[in-house]
Amino acid sequence: MAAPPRISGTRMKARADEDPCGEERLLARLRESPLDYRSALGVLDPEHLEWRDEGKPEHDLTFVADVPLLMVWTDGVCHVLAEPDEAAARAVAEFVSRLSLNELCVLGDAAFRVFRPLIANGRWRWSREYGVTAEEFRPRTSDCVRRLEPDDRSRLERACQRVAVLRKSQSTKRDFDLMARGFPVVCYGAFAGEELVGFCSSNPIYRGVTEISWLAVSARHRRQGLASGLLTAQAQQAFARGDAAGYYAGSAGDHLHAMLLKLGFRELLAHYRFIPEGARDQWRADWGKPV
């Protein structure tokens, strides 16, 4: 992909087909695999209310060569919601090359294979995605794990001072603050005595699907069952609401992969992301593993 030219306001709406039922048919298809497409469904489905205070992001659904593209303008991200053939992929690649994007996202190996030769001048990253239902889950509880409440703030503050992995990620305090303000974010902590040494948060990403959004354990306290205990607590909380649980593993390696499989999680469609050389937010290239 050539470095895309700037387009006024970063907005460019195009629709190759004018089928008014296209979005309804797309939603019906995506709902058949709600764990795989939970992020897109959370944006597109009008019956799902955004859980964060900023509300749903500014977005459009665009069809190019009958390929549905979810354009999330707030983040400058284009999500490809199908596995196109080569001709359709060429049309999509030409379309997105004229946009000022931070990221192009495709799901699944088949979609990645057809896009990779067509889109260059940037960096591809991939991450594993996982999901689990109550019937599939094999819990591994820990007595050192409990749900966090707003009055645990001082414990969290001290943990962020001591534990680098909690301190370095903005997700730790962001998710705790959302929970403390009454948003539907659930936070669990792992403890060594009175010290908080692990953290896990979740949120309702889509109707019937809870996203386990952030998991971290102090390096000194790993391989003690704390991560499994945190994931178990979050998953069981989701199941109690009738939800399945999804988890985006980012750059995590084989140890986390093995732990998730032991808990009953299954791999979903892999998440491939392309960050153009001219993208404004180059920090996005730090997520996931190089392809």
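Quantities reported herein were computed from a predicted structural model and do not represent experimental measurements.

Comments concerning the nonpolar core
Stage number 1. Counting 27 residues, the largest nonpolar core has L215, L230, Y247 and F265 as the members making the most contacts within it.
Stage number 2. Considering each element in turn, this core owes the most residues, seven residues, to helix α8 (residues 226–240).

A few points about the sheet that holds strand β7 (residues 145–147)
Stage number 1. The strand order across the open sheet formed by seven strands is β7-β8-β9-β10-β11-β6-β12, and the pairing between neighbours is mixed. Only two strands of the sheet have a single neighbouring strand rather than two, namely β7 and β12 (266–267).

Overview of the packing of aromatic side chains
Stage number 1. Evaluated as defined, the whole model comprises six aromatic pairs.
Stage number 2. Measuring from ring centre to ring centre gives 5.1 Å for F112 and W124, while their planes differ by 80°; the resulting arrangement is edge-to-face. Of this pair, F112 sits in helix α4 (residues 109–115) while W124 sits in strand β5 (residues 122–127), placing them 12 residues apart in sequence. Like W124, F112 is buried.
Stage number 3. Through a chain of ring-to-ring contacts, three or more aromatic side chains come together here, namely F112, W124, Y272 and F274.

Structural notes on the pairing of strand β4 (residues 103–107)
Across a regular strand the side chains alternate sides, sitting on one face of the sheet and then on the other.
Stage number 1. Within β4, five of the five residues are buried, leaving the element largely enclosed by the surrounding structure.
Stage number 2. Taking the sense of rotation as the criterion, the β-α-β connection linking strand β3 (residues 77–80), helix α3 (residues 86–96) and β4 turns out right-handed.
Stage number 3. Strand direction decides the pairing type here: β4 and strand β13 (residues 271–276), joined by four bridges, are antiparallel. Of the residues in β13, the one forming a bridge with V106 is Y272.

Examining the pattern of salt bridges
Stage number 1. As enumerated under the stated definition, the model contains 21 salt bridges in all.
Stage number 2. A salt bridge links R98 to E94, with the nearest nitrogen and oxygen atoms 3.1 Å apart.
Stage number 3. The partly exposed category is assigned to R98, whose relative accessible area is 32%.
Stage number 4. E94 sits in the partly exposed class, given a relative accessible area of 44%.
Stage number 5. Each of E103, R273, R280, D281 and R284 takes part in a single network of salt bridges with overlapping partners.

Scoring rules and cut-offs
- Residues numbered from 1 in each chain as written.
- Predicted model: local features only at pLDDT ≥ 70, side-chain atom pairs only at ≥ 80, totals over all residues.
- Heavy atoms only, no water.
- Core = buried A, V, L, I, M, F, W, Y, C linked by side-chain atoms within 4.5 Å.
- Buried < 20%, exposed > 50% of the residue type's maximum accessible area, 1.4 Å probe, protein only.
- Helix = DSSP H or I, 4+ residues; strand = E, 2+ residues; numbered from the N terminus.
- Pairing = 2+ DSSP bridges.
- Phe/Tyr/Trp six-rings, centres within 6.5 Å; stacked < 30°, edge-to-face > 60°.
- Right-handed = clockwise from strand over helix to strand, strands pointing away.
- Salt bridge = Lys/Arg side-chain N within 4 Å of Asp/Glu carboxyl O.

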